Each structure stands twice: as structure tokens, then as C-alpha cells.
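# Fold and geometry: a report
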Amino acid sequence: MTITKDIKYVGVNDHKIDLFEGQYKVPGGISYNSYAVIDEKIAIMDTVDAAFTHEWIDNIQNTLGNRLPDYLIVQHMEPDHSAIIGKTMQEYPALTLVCSQQTVKMLGFYFDLASFAERIMVVKEGDTLPLGTHTLNFIAAPMVHWPEVIMTYESTEKILFAADGFGKF
């Protein structure tokens, strides 16, 4: 799905789930939001639930064609956003994972951090990541949802990628 000329939705929709986090009724299902910012460099925002690994990777490949992503921005470690970080780092061996320092601490609880530790870029409030004409600006948002949350503002298109900051059912 096209958001703008250079920003594409690569997430997946889960129409089979009936309870989100085992407690919230979601009669229409939910979406696992992930986006590609395509420029000289390509950033992917978050991953998806593990049950949708192949569909998500297909979405990325169909969107990027022969290009490969340069960055995986991890805004939030809850599994519906991060379940396949390890698989993604294996799939794309040149990928740099971009996250907060708190996220680095949490990664080791879920993944074999040693397999990609040298490819982690830690960002903090106010840091930027230029992709070409697009620039990602990082906003610390601890405890908006979980303690490690960062949001990402893309200043060219003026789009805020808000992790779970503004979700609803």
C-alpha cells in the first residue's frame, strides 16, 4: 500500500485473531504496522508477529524489488512489533538495526544478540538518520507503552511513526 511516493506500508493484517493480547476483543482483527521509507538508503519500520514472517518478507521484497533494506528501525519490543528481528537480521546480512539503548538491553532476552551485535546503531532523543532526501528524527517515548519505545518522525513527508503511542481497537 502506498502512503506517499517514497513511503510504503509493508505490514500485514491479521483477520483471524479474536483477542488482542489475550484480553481485548478485536472483531475486525488487527494490523501489524510496518513501513518502508525508500530513498538512497531504505529504512524498514518495525517487524511483525512471527505467524506472518513469510508474508511480511514477501511484502518487503515485492515493494523493494531488487533493492535491499539498509536499516531496521525497532521502535518497540512487544512481540507484535519485534518478533522476527532475529530472522530479519539473518535474511538481510548487511542490515543495521537502529534502536534505543533500552532496546539493546531487551534484545538479549529474545534473540541471540551475539549474531548481530556489531550491526546495532543506538539512537537517542534528537538523533537523526539521513536516508537521502528523507531524514528520520528520533523521539524518546519511554513508558508511553513500554520503557524502550522510540518514535520516528520523517521530516520530509512530515509523518510520525508512533510505535503503539496512539493505538485503538
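Here the residue index of a chain counts from 1 through its sequence in written order. Where local features are concerned, this predicted model is filtered to residues with pLDDT of at least 70; where side-chain atom pairs are given and counted, the filter is 80 or more; whole-chain, interface and lining totals use all residues. Hydrogen atoms and water are omitted, and side-chain values are computed over all heavy atoms in the structure.

### Points about the environment of Val122
Mapping Val122 onto the fold places it in strand β10 (residues 120–122). Taking the C-alpha atoms as reference points, Val122 and Gly11, separated by 111 residues in sequence, lie 24 Å from one another. Secondary structure elements are defined from DSSP: runs of H or I of at least 4 residues count as helices, runs of E of at least 2 residues count as strands, and each element is numbered from the N terminus.

### What about the pairing of strand β7 (residues 42–45)?
Exposure is judged per residue with a 1.4 Å probe applied to protein chains only, and the accessible area is read against the type maximum: over 50% gives exposed, under 20% gives buried, and values in between give partly exposed. Residue alternation in β7 divides its side chains into two sets, Ile42 and Ile44 and Ala43 and Met45, and both sets are buried. Here, any two strands with at least 2 DSSP bridges between them count as paired. The hairpin turn running from strand β6 (residues 35–38) into β7, its antiparallel successor, is three residues long. Sheet topology places β7 next to strand β8 (residues 71–73); three bridges connect them, and they run parallel. Opposite Met45, over in β8, you have Ile73 as the bridge partner. Here, the term right-handed applies to a crossover whose path from the first strand over the helix to the second runs clockwise when the strands point away from the viewer. Note that the unit made of β7, helix α1 (residues 53–64) and β8 has a crossover that is right-handed.

### Description of the pattern of salt bridges
For this document, the term salt bridge refers to a Lys or Arg side-chain nitrogen within 4 Å of an Asp or Glu carboxyl oxygen. All told, the structure shown has three salt bridges when counted by the stated rule. One salt bridge in this structure joins Lys87 and Glu91, with 3.7 Å as the shortest N-O distance. With Lys87 and Glu91 both in helix α3 (residues 85–91), this residue pair falls four residues apart, about one helical turn. What makes Glu91 partly exposed here is its relative accessible area of 31%.

### A look at helix α4 (residues 101–110)
Here α4 has its buried residues at Thr103, Val104, Met106 and Leu107. In this analysis, two residues are considered to be in contact whenever any of their non-hydrogen atoms come within 4.5 Å of each other. Residues of α4 that are buried sit in contact with α3, β9 (96–99) and β10.

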